[in-house]
Amino acid sequence: MATENKNLSAYDKTTIPNAKDLRFGIVVSEWNEAITEGLYKGAFDALLDCGALEENILRWNVPGSYELTFGCKKMLTSQNLDAVIAIGSVIRGETSHFDYVCSAAAQGIKDLNVLHDTPVIFCVLTDDTLQQSIDRSGGKHGNKGTEAAIAAIKMAMLGK
C-alpha cells in the first residue's frame, strides 16, 4: 500500500512558499460528504497555515466526483484564481460504476490542466473501502486534502 506508514499531512512549512498573495478555489463533491468534508478541512487549514487569507479561498460544491470537472472549469473561467483543488471521494461498490467515475474525474482534471494556465489539483480519493477513505481524510494516514493544498501552493508559484 502506497500510504502505509506515511502521514499525508506532514510537510515542512519552511519549504513551502508563503501563500499570502495567492487566491485558491476549492470544488468539493457532496457525495461521501463525511470524507470530502474531512479533505476540505485539511486543505483549508493547510492553506491558512501557509499564509493564505481566508477571504482568498473560494469554495463551491458539486453533487459528485463526476461533476468536479465542470465545477472546476466554471470556477477557472469565472474567477481570478492561482490554483483550484478538486475534492472528491469514490468508494468501490459492486458494479463497474466506480471505474467509470474515477476515470472520468481523473481525465477531466487532467484535461483542465492541459487546456488552462491555472493548475487544478486532483484530490479525489479512489478507495476500495470506506475505512481506507477515513484513513486518508484525517485518519491514520493523515489527510490527502492537506497534501493537495501544499501541491496547489507549489503549482501556483510556478506561474509567478
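Figured I'd write up the structure that's included with this text. These numbers come from a predicted model, not from an experiment.

Rules used throughout
- Residues numbered from 1 in each chain as written.
- Predicted model: local features only at pLDDT ≥ 70, side-chain atom pairs only at ≥ 80, totals over all residues.
- Heavy atoms only, no water.
- Helix = DSSP H or I, 4+ residues; strand = E, 2+ residues; numbered from the N terminus.
- Expected span 1.5 Å × (residues − 1).
- Buried < 20%, exposed > 50% of the residue type's maximum accessible area, 1.4 Å probe, protein only.
- Contact = heavy atoms within 4.5 Å.
- Arc of directions from axis to C-beta.
- Pairing = 2+ DSSP bridges.
- Axes fitted to C-alpha atoms, helices over the stretch in contact; angles between N-to-C directions.
- Right-handed = clockwise from strand over helix to strand, strands pointing away.
- 1 Å grid on protein atoms, 1.4 Å probe; cavity = no way out; pocket = protein on both sides within 12 Å on 5 of 7 lines; lining within 4 Å.
- Points joined across faces, edges and corners; volume = space filled by probe spheres on them.

A separate point is helix 5 (residues 144–158). For helix 5, built from 15 residues, the straight-helix expectation of 21 Å at 1.5 Å per residue is met to within 8% by its first-to-last C-alpha distance of 21 Å. Within the sequence span of helix 5, burial applies to G145, T146, A148, A149, I150, A152, I153 and A156. The secondary structure elements touched by the buried residues of helix 5 are strand 1 (24–29), helix 1 (33–49), strand 3 (83–91), strand 4 (120–127) and strand 6 (142–143).

As a further point, take the environment of I91. Along the chain, I91 falls in strand 3. Distance from I91 to E54, taken between C-alpha atoms, is 31 Å for residues 37 residues apart in sequence. The contact partners of I91, leaving out residues within four places of it in the chain, are N32, F98, D127, D128, T129, L130 and S133.

This part covers helix 2 (residues 68–78). When helix 2 is considered as a whole, its buried residues turn out to be L68, T69, G71, C72, M75 and L76. Summarising the axial view, the buried residues of helix 2 lie within an arc of 165 degrees, below the 170-degree limit, and thus occupy one face. In helix 2, those exposed residues whose orientation departs by more than 90 degrees from the buried face are F70 and T77. In this fold, the buried residues of helix 2 make contact with strand 1, strand 2 (57–62), strand 3, helix 3 (97–115) and strand 4.

Another aspect to go through is the sheet that holds strand 1. Taken in spatial order, the four strands of this open sheet run 2-1-3-4, and their pairing is parallel. The open sheet has two free edges, formed respectively by strand 2 and strand 4, since each of these has just one partner strand. Across the sheet, the axes of successive neighbouring strands diverge by a mean angle of 15 degrees, strand direction being ignored. In terms of strand pairing, strand 1 meets strand 2 through six bridges, oriented parallel. Each residue of the ladder has a partner; that of I26, found in strand 2, is R59. Packing of helix 3 onto the sheet brings it into contact with strand 3 and strand 4, and relative to strand 4 it is tilted by some 170 degrees.

A separate point is the pairing of strand 3. Of all nine residues that make up strand 3, eight are buried, and the element is covered over most of its length. Strand direction decides the pairing type here: strand 1 and strand 3, joined by five bridges, are parallel. Looking at strand 3, one finds that F24 is bridged to A83. Here strand 3 runs beside strand 4; their pairing, made up of eight bridges, is parallel. Looking at the pairing, A86 lines up with F122 of strand 4. In terms of handedness, the path from strand 3 via helix 3 over to strand 4 forms a crossover that is right-handed.

Here we come to the layout of surface pockets. Over the atoms, a rolling probe the size of a water molecule traces out where space has been left empty. Reported here for the largest pocket is a volume of approximately 260 Å³. Lining of the largest pocket is provided by 15 residues; of these, W31, S89, V90, H97 and V101 occupy positions nearest its centre. The set of elements that each furnish at least two residues to the lining of the largest pocket consists of strand 3 and helix 3.

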